[in-house]
Number of protein chains: 2
Amino acid sequence: MLTNLLTNLLKINYPIIQAPMAGGITTSNLVAAVSNNGALGMIGAGYLSPAQLQKQIREIKELTSNSFGVNLFVPNDFQVKEDEVDIASNLLHQFRAQLNIENDQSVIPEKDGALKAYNEQIEIVIEEKVPICSFTFGVPSIEIISQLKQHGIILIGTATTVVEAMAIEELGMDAVVVQGSEAGGHRGNFISSHEESLVGLMSLIPQVADQVSIPVIAAGGIMDGRGLLASISLGAQAVQMGTAFLTCEESGAHPVHKEAILQAKDEDTIFTRAFSGKWARGIQNKFITEMQEHEAEILPFPVQNTFTQSIRKASSSQNNKDFMSLWSGQSPTLAKNETVEMLIQRIIKHAEKG
Amino acid sequence: MLTNLLTNLLKINYPIIQAPMAGGITTSNLVAAVSNNGALGMIGAGYLSPAQLQKQIREIKELTSNSFGVNLFVPNDFQVKEDEVDIASNLLHQFRAQLNIENDQSVIPEKDGALKAYNEQIEIVIEEKVPICSFTFGVPSIEIISQLKQHGIILIGTATTVVEAMAIEELGMDAVVVQGSEAGGHRGNFISSHEESLVGLMSLIPQVADQVSIPVIAAGGIMDGRGLLASISLGAQAVQMGTAFLTCEESGAHPVHKEAILQAKDEDTIFTRAFSGKWARGIQNKFITEMQEHEAEILPFPVQNTFTQSIRKASSSQNNKDFMSLWSGQSPTLAKNETVEMLIQRIIKHAEKG
């Protein structure tokens, strides 16, 4: 029962995908360890430059001959007014003061630059013959889909509701990740609103499975063999797990981030736009709490992300969890600090018994 | 696999509990049909007077000799100031005008009255030898627990987080319903805040199952055999289903309410305090939308509930869904209009295959 059409398509032994967590978590060691252990390793390439992406793909090829994938952020349009930028920027000064760092002059990222980088990332995925490419924050254009498919690359979209999953199938993509409200990190909604997108997996998986014929991959709060079996019962063909891999030894997550997850309770995570301008689930900390009253002063993604970069960086280098983005799904009490091999074996042993 | 310690304890054939939906939905016909078909029927007695409760228990005993249960609301303390009451009351006048009904002079319910009614409900449960009693909105006192246990009544608590489930076990109750964020109707949180309580079942079931040793009953978005099998995989011994029974022929829900669920999509439900003063999930309609900007003017439960009663009643009698509380979980697309027997048989056939 653990192999199916999707595992055949992705050329993996087990229906487990390591979520493409961006921001330094998906080291080459993590991705290769996942793929070497029969699951699918994924590079979270959202914040990587084309050159960094190419370098990492080549590193991973040295470490594994198995299948792996790349995840890209579809660039979003955004509008910012100068006075809004000034207000948001000034608001962030108080946090720099608390971290004893100087006020930087953050620059609004260029829209053309983001689009150019994305197109170059696509070129690299093709050149390097990466077997699988997934997308979040939207869907690629028909032209890009057609180009990637011509090169035999398997395409996976990310949906938070039935309507988004149907849009992904309609575009001819090969599979859909359904992101439940339990999921840590950024929300992938692109048609539905944030509020509409908060559907729990117990509801989301069967409703999507009834409406699309492409394979469904469940994501959100899944940590062990119980979550895998449940997802399959509900109609998924595989699971995508983030938090469970984040606390693994091979992950590049900051030790303070790993420890925060290992200490957290089920009710300790919250949605915030404060770090990046896009809604994401993480463990509540000082930055989230203090920004709650300034919801109206948060800039859109990716501008807010650029503006908080020095704060997150300083907080990390000071081993201070107060201003770091401690992304986590809703099942932190099920997280363990172990190797990728131990995690995957633990899941498979349970699932084969069940 | 469908019978276990909990089904033995509750004296039922199948690990399925009909959620105790209050407000006229759990007719004697519904409760008896569920129990006669091997699952557990429950009276949602939250809004019933002691006399009404006694009458319904006796009716059900005429219709079934199988096990059934009663659910009670644990009375909450509340504070209201006269000027707040005036503001809230005036705010509601515009909705009465839209329904062409006169402004009533709603009276603030007496706290002593609610407590007295609750104590009388407990007496009736004991006198009528109801085999199972569950509680929402909190936990009963040690005295009441001890009294009910002396009479051999099985006690079930309702939790939304691990800490609440642990509190229920600590009090010596026999089982715990874990209400996921997917669930329709009122939230049962009593220690955790509303925001903290919104944990999806994929996360909630295994985390609770790891921390308590009493049986776990999963509730929220479960509609069919897929949800039952998934819940069992995650560590539950049974499921409690609301929306799935609400649209059944035997349910007392208003036809407009049933139809609204049958037409709704996964993303159409929302949390609101506008109807009762307590957070609850329902299908978004005009009343919810128009009250969203008046969040600060909503009175606490049960005062708001009393004040909106004439509005909900008029909306129902005019077959107008705009001002009715259209409670629904997050899986409305899986709802069907069928008999209780058809629903239960459909679930069991799927689960026995799985």
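Residues numbered from 1 in each chain as written. Chains lettered and ligands numbered in written order. Predicted model: local features only at pLDDT ≥ 70, side-chain atom pairs only at ≥ 80, totals over all residues. Heavy atoms only, no water.

The name an unreviewed UniProt entry gives chain A is Probable nitronate monooxygenase, with Psychrobacillus lasiicapitis as the organism. Checking UniProt for chain A, the heading Sequence similarities (unreviewed entry) contains the comment "Belongs to the nitronate monooxygenase family. NMO class I subfamily." (UniProt positions renumbered as here; feature names shortened; annotations may be inferred.)

A.B. asks: What should I look at first to understand the overall build of chain A in this one?
C.D. replies: A count of helical and extended segments in chain A gives 15 helices and eleven strands. The C-alpha radius of gyration computed for chain A amounts to 19 Å, which stays within 12% of the reference 20 Å derived for 354 residues, consistent with globular compactness. Going through the 354 residues of chain A one by one, you find that 60% of them count as buried. Partitioning the contacts of chain A with sequence separation of at least 6, the portion at a separation of at least 24 is 69%. Just so you have it, chain A exposes about 13700 Å², and 49% of that area is on carbon and sulfur atoms. In chain A, the 25 positive side-chain charges and the 39 negative ones have mean positions that sit 6 Å from each other. (Helix = DSSP H or I, 4+ residues; strand = E, 2+ residues; numbered from the N terminus. Rg over C-alpha atoms; globule rule 2.2 N^0.38 Å. Buried < 20%, exposed > 50% of the residue type's maximum accessible area, 1.4 Å probe, protein only. Contact = heavy atoms within 4.5 Å. Areas by Shrake-Rupley, 256 points an atom, 1.4 Å probe, with all protein chains shown as cover. Lys, Arg positive; Asp, Glu negative; His and termini not counted. Charge placed at Lys NZ, Arg CZ, Asp CG, Glu CD.)

A.B. asks: How do you make sense of the pairing of strand β9 (residues 238-241) of chain B when you look at a structure like this?
C.D. replies: The two faces of a sheet get side chains in turn, since along a regular strand they alternate between them. Residues and elements named next belong to chain B. Burial along β9 is two-sided: A238 and Q240 and V239 and M241, pointing in opposite directions, are all buried. Sheet analysis places strand β1 (residues 16-18) next to β9, joined by three bridges and oriented parallel. The partner of Q18 across the bridge, within β9, is M241. In the sheet, strand β8 (residues 216-219) pairs with β9 via three bridges, with the strands oriented parallel. If you follow I217 over to β9, its bridge partner there is A238. Traced from β8 through helix α9 (residues 225-234) to β9, the parallel crossover comes out right-handed. (Pairing = 2+ DSSP bridges. Right-handed = clockwise from strand over helix to strand, strands pointing away.)

A.B. asks: Help me out: how do you make sense of the packing of aromatic side chains in this one?
C.D. replies: Here the distance between the centres and the angle between the planes together describe a pair of aromatic rings. Enumeration over the complete set of coordinates arrives at 16 aromatic pairs over all chains. Between the aromatic rings of B:F275 and B:F287, the centroid separation amounts to 4.8 Å while the plane-to-plane angle is 35 degrees, which identifies the pairing as tilted. Taken together, the residues B:F275 in the loop between β10 (269-272) and β11 (280-283) and B:F287 in helix α12 (residues 286-291) connect sequence positions twelve residues apart. Of the residues examined, B:F287 reaches a relative accessible area of 0% and is grouped as buried. Above the face of the A:F78 ring, A:K111 is positioned so that its terminal group lies 5.1 Å from the ring centre. If you follow A:K278 out to its NZ or CZ, it ends over the ring of A:F137, 4.3 Å from the centre. (Phe/Tyr/Trp six-rings, centres within 6.5 Å; stacked < 30°, edge-to-face > 60°. Lys NZ or Arg CZ within 6 Å of the ring centre and 35° of its normal.)

A.B. asks: How should I be thinking about the interface of chain A and chain B in this particular structure?
C.D. replies: How big an interface is tends to be stated in terms of the accessible area lost upon association of its parts. Taken together, the 36 residues of chain A in the interface contact 36 residues of chain B. When chain A packs against chain B, the two sides together hide about 2800 Å² of surface, and 50% of this comes from carbon and sulfur. Inspection of the chain A/chain B interface yields two salt bridges. A salt bridge links A:R226 to B:D210; its shortest N-O distance comes to 2.9 Å. For the side of chain A that touches chain B, the elements supplying multiple residues, two or more each, are α7 (162-170), α8 (201-211) and α9 (225-234) of chain A. With eight residues, the single largest contributor to the side of chain A that touches chain B is α8(A). (Buried area = accessible area lost by both parts, 1.4 Å probe. Salt bridge = Lys/Arg side-chain N within 4 Å of Asp/Glu carboxyl O.)

A.B. asks: Please explain the pattern of salt bridges as it appears in this structure.
C.D. replies: Side-chain pairs of opposite charge can arise whenever the charged atoms involved come near each other. Residues and elements named next belong to chain A. One pass over the full model with this rule turns up 20 salt bridges over all chains. Its salt-bridge partner being E59, residue K55 comes within 3.3 Å of it at the nearest N-O pair. Of the two residues, K55 and E59 both sit in helix α3 (residues 50-63), four residues apart, roughly one turn of that helix. The partner of E338 in a salt bridge is R346, and the shortest N-O contact between them spans 2.6 Å. For E338, a relative accessible area of 6% corresponds to the buried category. R346 sits in the partly exposed class, given a relative accessible area of 27%. Ionic contacts of the salt-bridge type, sharing partners, join the residues R58, K61 and E128 into one network.

A.B. asks: What's the story with helix α7 (residues 162-170) of chain B in this structure? I'm lost.
C.D. replies: Three or four residues apart is the spacing at which side chains of an α-helix point the same way, because the helix has 3.6 residues per turn. Residues and elements named next belong to chain B. Among the residues making up α7, those that are buried are V162, E164, A165 and I168. The arc that holds every buried residue of α7, seen down its axis, measures 165 degrees, which confines them to one face. On its buried face, α7 sits against β5 (154-159), β6 (175-179) and α8 (201-209). Once α7 finishes, G172 follows within two positions and takes phi at roughly 90 degrees, a positive value. (Arc of directions from axis to C-beta.)

A.B. asks: What exactly am I supposed to notice about the environment of B:T161 here?
C.D. replies: Within the secondary structure, B:T161 sits in the loop between β5 and α7. The class for B:T161 is buried, based on a relative accessible area of 0%. With near-sequence residues (within four places) excluded, B:T161 lies in contact with A:D266, A:E267, B:S192, B:E196, B:S197, B:V199, B:L204 and B:V208. Only 2.7 Å separates the side chain of B:T161 from the side chain of B:S192, close enough to count as a polar contact. (Polar contact = N/O pair within 3.5 Å; in protein donor to acceptor, adjacent residues only side chain to side chain.)

A.B. asks: Whenever I open this one, the relation of the copies chain A and chain B confuses me. Can you help?
C.D. replies: What relates the pair of chain copies is a rotation about an axis plus a shift along that axis. Superposing chain A onto chain B takes a rotation of 180 degrees plus a shift of 0.0 Å along the axis, which leaves an RMSD of 0.0 Å. One copy is carried onto the other by what is essentially a two-fold rotation axis. If distances are taken from each C-alpha of chain A to the rotation axis, the shortest is found for A:A230, at 2.0 Å. Counting the interface residues of chain A, we find that 100% of their copies in chain B are interface residues as well, pointing to one common contact surface. (Least-squares fit on C-alpha atoms with pLDDT ≥ 70 in both.)

A.B. asks: Sorry if this is basic, but what is going on with the nonpolar core here?
C.D. replies: The nonpolar side chains of a soluble globular protein tend to be buried, and buried together. One finds A:F135, A:F245, B:F135 and B:F245 to be the most contacted residues of the largest nonpolar core, which totals 158 residues. In this view, B:F135 contacts B:N71, B:L72, B:V74, B:Y118, B:I122, B:P140, B:L148, B:L155, B:I156, B:G157, B:T158 and B:M173; residues no more than four positions away in its chain are not counted. (Core = buried A, V, L, I, M, F, W, Y, C linked by side-chain atoms within 4.5 Å.)

A.B. asks: What am I meant to see in the pairing of strand β8 (residues 216-219) of chain A here?
C.D. replies: Residues and elements named next belong to chain A. Side chains V216 and A218 of β8 all project onto a buried face; the interleaved residues I217 and A219 project onto the opposite face, where all are buried too. In terms of strand pairing, strand β6 (residues 175-179) meets β8 through four bridges, oriented parallel. From the neighbouring strand, V177 faces β8, where its bridge partner is I217.

A.B. asks: Any chance you could explain the environment of A:A19 here in plain terms?
C.D. replies: Residue and element names in this part refer to chain A. Assignment of secondary structure puts A19 in the loop between β1 (16-18) and α2 (28-36). A19 gets classed as buried once you look at its relative accessible area, which sits at 11%. Once you skip the residues sitting within four places of it in the chain, A19 turns out to touch T26, Q240, M241 and G242.

A.B. asks: Where do I start with α9(A) in this structure?
C.D. replies: The buried count for α9(A) comes to nine of ten residues, which makes it a mostly enclosed element. Among the residues of α9(A), those classed as buried are A:G225, A:R226, A:G227, A:L228, A:L229, A:A230, A:S231, A:S233 and A:L234. In the core, the buried residues of α9(A) are packed alongside α8, β8, β9 (238-241) and α15 (340-353) of chain A together with α8 and α9 of chain B. Of the residues flanking the end of α9(A), it is A:G235, one or two places downstream, whose phi is positive at about 120 degrees.

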